[in-house]
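These are the residues of each chain, in order.
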Amino acid sequence: MSDEQAIQTIEDCARQSHAGTMNFATVIERLTAVGVESYHVDYRGGMATYYRASGQAHAVAMPFTEPPIAGAFAVEGVREAVRGAQEGVVHYPEFVRRTRAAGCVGYDVWIAGRHVVYHGRRGERHVEWFPGAAAPSREPVEVVKQVYSAFGRRDLAAAVALFAPDVQIDQSSELPWGGHYEGHEGAHEFFARLTRRLDSTLVFERFIDAGEHVVAIARTQGAERAHGRRYDVPVAHVWQVRDGKVARVLFCIDNPTMLAALP
């Protein structure tokens, strides 16, 4: 196939996709046939750039205007748009609207790698794998660090997305937010109770890699919200990661020191 024919195919895929008359699977099939191995869609720049294995790139203007891109990156909103597209109930124009409303500024489609990476305004990333493509297992330490990174930017949805559906969370019941919690609903309840009482930051000393278990040694520093009392308390968090997801976590803290800071 000539370069001119390849470019014509790329532009036809872009045009029909943008109009909602060609689904994602067909786009991928046709782009693969002309040697496209990846492409980048930039909502802010209004451009889609296609990269061929030959080293050539071709850019196509794609006017994206509505709605304004939200400031916060909502992983669940992106995920719902992807699921709708995969089920055939969300066509591309609606997909663009939904992902922009979820704070997505664009995405990279890695055809050879069989996945798509969605990007937020502050460098947030969310990966979705092609239907039928198996996501590679992630090292437990990396999974735990990604959870902490999500917490650090106050993105609870992204953190909980790294938890198994039946995750178990434990912390001493001596603490007001302590107890045993299960599942994503339990995770949301635990962190809601915790953040209502504390405004905290973790300062890490080290991570201990023990296979599927990871121990994070750190200090939690901040203030309790009711009276602004400051605290600096040592903690040890014991994580269990299976198949790239958090299966269980035990949050250990110096109880007497923490309780002394609470009203």
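In what follows, the structure referred to is the one given above.
Here's what I pulled together on the structure shown here.

The residue Arg114 is not glycine, and still its phi comes out positive at about 65 degrees. Structurally, Arg114 is set in the loop between strand S4 (104-110) and strand S5 (115-120). Overall, Arg114 belongs to the partly exposed group, its relative accessible area being 38%. Within the chain, Asp243 stands out as a residue other than glycine whose phi angle is a positive 55 degrees. Along the chain, Asp243 falls in the loop between strand S11 (230-242) and strand S12 (245-253). On the basis of relative accessibility, which here comes to 77%, the residue Asp243 falls in the exposed class.

All right, on to the packing of helix H1 (residues 3-19) against helix H2 (residues 24-33) then. Look at H1 against H2: their axes get within 9 Å of each other, and the N-to-C directions meet at 170 degrees. The orientation of H1 with respect to H2, classified from their angle, is roughly antiparallel. In this structure, H1 contributes Thr9, Ile10, Asp12, Cys13, Gln16 and Ser17 to the contact, and H2 contributes Val27, Arg30 and Leu31. Each residue belonging to the contact of H1 with H2 can be placed in one class, and the counts come to 4 nonpolar, 3 polar and 2 charged.

Conventions and cut-offs
Counting restarts for each chain: residues are numbered from 1 in the order of the written sequence. Per-residue local features of the predicted model are confined to residues with pLDDT of at least 70, and side-chain atom pairs are confined, for both listing and counting, to 80 or more; whole-chain, interface and lining totals are unaffected and use all residues. The side-chain numbers reported here are obtained from all heavy atoms of the structure, hydrogens and water having been left aside. We count a stretch as a helix when DSSP gives it H or I for four or more residues in a row; a strand needs E for two or more, and each element gets its number in order from the N terminus. For every residue, the accessible area (1.4 Å probe, protein chains only) is compared with the maximum for its type, and the residue is labelled buried under 20%, exposed over 50%, or partly exposed between those bounds. Here an axis means a line fitted to C-alpha atoms, over the contact stretch when the element is a helix, while the angle between two N-to-C directions is reported on a 0 to 180 degree scale. The scheme is simple: roughly parallel for angles under 35 degrees, roughly antiparallel for over 145, roughly perpendicular for 65 to 115, oblique for anything else. Contacts: residue pairs with any heavy atoms within 4.5 Å of one another. Side-chain classes are defined by residue name, with Ala, Val, Leu, Ile, Met, Phe, Trp, Tyr, Cys and Pro counting as nonpolar, Asp, Glu, Lys and Arg as charged, and the others, Gly among them, as polar.

Remember, this is a structural readout, not a statement about activity or role.
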